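Read off the chains here:
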Amino acid sequence: MQEKLQKLIEEACHSLGIQNPGIKVRRTEILKMGDYTTFMGSSIQDPQKIVDYIERKKPEFIGRVMYASINNGGFINFYLSPNYYFNKTKQILEEGENYGRSEIHKGKKILVEHSSPNLFKPFHIGHVMNNTIGESINRFARFSGAEVETISYPSDVSLGIGKAVWALMQDGVEKLNEFKTEEEKLNYLGNCYVVGTKAMEEDSSLEPRIREITKIIYEHTESPEYEAYKIGKEINLSYFKSITKSLGSNFDDFIYESEAGKEGEKLVRENTGKIFEESEGAVVYKGEQDGLHTRVFINKEGYPTYEAKDVGLLSLKFSRYNPDLSIFITDHEQSEYFKVVVTAAGKINPIWKEKTIHRTHGRMSFKGQKMSSRLGGVPIASTLIQAVAEEVKEKSPESSEEIQNMIAISALKFTILKSMAGKNINFDPDTSLSFEGDSGPYLQYSTVRSGSVLEKGHVAMQDCKQTETITDVEKYLDRFPEVAEQCISLWEPHHMVGYLLDLAQAFNSWYGRVKIIDPENKDMPYNLAITRAFQITMKNGLYLLGIQTPEKM
RNA sequence: GCCUUCGUAGUUCAAUGGAUAGAACAGGGCUCUUCUAAGGCCUUGAUGUAGGUUCGAUUCCUACCGAAGGCACCA
């Protein structure tokens, strides 16, 4: 549509002898100003003549064209016709869950890595943020026409894990059998991590032993320690899968830190003297040559650091999946770190840098009393979700537990997704997590409401007649595909959140004014069709945010 | 000290260089014998400071003030 209008206006300019008008048609931000608009600079002598030209040629999709004069120029505003919107509604009903699906990355392969956990450490609120943003980007990737592979990068070797395994060995692995549920076993393992860390802090003579265990884990040496580690790793991994599943994620594959470490160490050693250099006994990359800073890739003890592991990860991603685009999501405090790592890795293979996109999420800080006291100041993911679900239960005791969870997760995800990723979030449970106003539940509620209307009336497009007036709901529905494309091209989900709020508001406002199920009203069939189109679009949009829509609420 | 990101209403967030800077929460006032009031309608209130580029700046540039993060073997 934008291209059609662009052509039309260029044609009009040419007919008036203006060769390079340099004007761009774009969407209006305010609905009453029209659907598309373009700014006419003072170089255009007589914009009214352009309007007249278009009025004469007026194709069917244009309702009217207006010139609005302003300071040093003005806008030519295009209003699309009722006929255009009528056909659009029909199109949405036909396309259903494919409405808005894009083809910008058709034929391409995209690799998305997110939610990378630290096994043996609890899945905390930071992981929920990563998962929420990562999952949404993952769904946008799938909506872009690309073939998508989703992976996670669990950290399965570190000194910290060595400490946890040491603590696990103290009481014996058999102790795990005493616990009935997976949750209890997991809590016990989490406790081992704490106990191990504390023990080493208090008694430094334990260090050689813990380093020995870490080495065993790193080298997969057959031993009781390695067996204990494998059991612990399995429990943690299985918990990771189940909690991310409950949040709406599935992973096609994993690349483990232990694998990436070996690959990375090999690559860094091969390129030492070329890309990397030795300095003070360590192998470093001097980032100053690129306006960055120096980082250590292999420490003076000869072990690969996270830097080398991330180089290995990049290498494995491209050798295993050969993606056209590789996106990964981390905490924003790693932004500078990854600039150095990706730049250094790009010197080994330029493709790795060119095709890699790093998106970040901020941190969540807590304030307010209500939720903080319930959480006891520990933002473990499952505890947080449970606490939110409790709030939902108070408000809606008659809903099933499944729906209560859906609403709780939507409230949480909405809070994370509504602002631009990478910015910190001030999480005030008393206000940021309200279920009223701009919120996840508001979007769900609006969708459920449309479903409830549709239960009472049957949608039949063939009974619909074109109306004289155009509702704001139709105008917003028309914009869904381009909002999705905006999110895809920028890899920023928050645009969709703002859009869905506008759409839902338009629907709720319309719902308040117009009785949809009204046999007296000749527009009832078309109003039902709009309602159905609204429901389809909301569901598609919420899907892209990783939010489920309940049947009732 | 250097680098990155960010300062918008009392609060939490929006706004490809364009029209009167949008919402929500909080405050004030309406609205359920009519399809779900987790709703709708009305109302008070904001671009950190000082310059610059531009017909036009929340957006781009410079300085300052403030916040978060990074800067050698932690992740």
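None of these values were measured; they are calculated from a predicted model. Sequence order as written defines the numbering, with residues in each chain counted from 1. The lettering of chains begins at A and the numbering of ligands begins at 1, in the order of writing. Per-residue local features are limited, in this predicted model, to residues with pLDDT of at least 70; the limit for side-chain atom pairs, both in listing and counting, is 80 or more; totals at the level of whole chains, interfaces and linings are taken over all residues.

Caption draft 1: Spotlight on the confidence of the model for chain A. Confidence of the predictor at the level of single residues is captured by pLDDT, which takes values from 0 to 100. With 96% of its residues at a pLDDT of 70 or more, chain A shows a mean pLDDT of 90. Throughout, a pair of residues is in contact if the C-beta atoms placed from their backbones lie within 7 Å. Below pLDDT 50 for its whole length, residues 368-376 participates in 13 contacts with residues either more than four positions away or in separate chains.

Caption draft 2: Representation of the protein's contact with RNA strand B in the model. By nearness alone, 76 residues border RNA strand B, and Asn 299, Glu 333, Ser 419, Gly 437 and Tyr 445 come closest of all. Considering only residue class, the surface near RNA strand B consists of 27 nonpolar, 33 polar and 16 charged. Throughout this description, a residue near a molecule or strand is one whose C-beta atom, derived from the backbone, lies within 6 Å of it. For this scheme, ten residues count as nonpolar: Ala, Val, Leu, Ile, Met, Phe, Trp, Tyr, Cys and Pro. Four count as charged, namely Asp, Glu, Lys and Arg, and the remainder, Gly too, count as polar.

Caption draft 3: Geometry of the sheet that holds strand S8 (residues 277-279). The 3 strands lie next to each other as S8-S9-S10, forming an open sheet whose pairing is antiparallel. In the strand order of this sheet, the two ends are held by S8 and strand S10 (295-298), each with one partner. The average angle at which neighbouring strand axes cross in this sheet is 55 degrees, direction not considered. Pairing analysis gives 3 bridges linking strand S9 (residues 282-285) to S10, with the strands arranged antiparallel. Bridge pairing in S10 places Val 284 opposite Val 296. Whether two strands pair comes down to DSSP finding at least two bridges between them. Strands here mean DSSP runs of E at least two residues long; helices mean DSSP runs of H or I at least four residues long; both are numbered from the N terminus. Only the contacting stretch of a helix is used when fitting its axis, a line to C-alpha atoms as for every element, and angles between N-to-C directions run 0 to 180 degrees.

Caption draft 4: View of the pairing of strand S2 (residues 36-40). With 4 of 5 residues buried, S2 is to be regarded as a mostly interior element. Taken together, the 2 bridges between strand S1 (residues 26-27) and S2 define a ladder with antiparallel strand orientation. Bridge assignment links Arg 27 to a residue of S2, and that residue is Tyr 36. Whether a residue is buried, exposed or partly exposed follows from its count of other C-beta atoms within 10 Å of its own C-beta, namely 20 or more, 12 or fewer, or something in between, respectively; the C-beta atoms are built from the backbone.

Caption draft 5: Broad picture of helix H7 (residues 207-219). Relative to the 18 Å expected for 13 residues at 1.5 Å per residue, H7 spans 18 Å between its end C-alpha atoms, a close match to the ideal helical length. Buried residues of H7: Ile 210, Ile 213, Thr 214 and Ile 217, and no others. In an axial view of H7, the angular spread of the buried residues amounts to 100 degrees, which keeps them on one side of the axis. In H7, the exposed residues that point more than 90 degrees away from the buried face are Pro 208 and Glu 219. Against helix H5 (159-171), helix H6 (182-202) and helix H8 (224-246) lie the buried residues of H7. Where H7 terminates, the next one or two residues include His 220, which has phi positive at roughly 55 degrees. A helix is expected to span 1.5 Å for every residue after the first. What the arc describes is the spread of directions from the helix axis to the C-beta atoms.

Caption draft 6: Seen up close, the nonpolar core. Joined through C-beta atoms within 7 Å, a set of buried Ala, Val, Leu, Ile, Met, Phe, Trp, Tyr and Cys residues constitutes a nonpolar core. Core analysis: the largest hydrophobic core is formed by 115 residues, its most contacted members being Ala 164, Val 165, Val 388 and Met 496. With 11 residues, helix H19 (residues 524-545) is the single largest residue contributor to this core. Beyond its immediate sequence surroundings of up to four residues, Met 496 is in contact with Val 483, Ala 484, Cys 487, Gly 541, Leu 544 and Leu 545. Counting residues in each nonpolar core, the second largest holds 16 residues, with Leu 5, Ile 54, Phe 78 and Phe 86 among its members.

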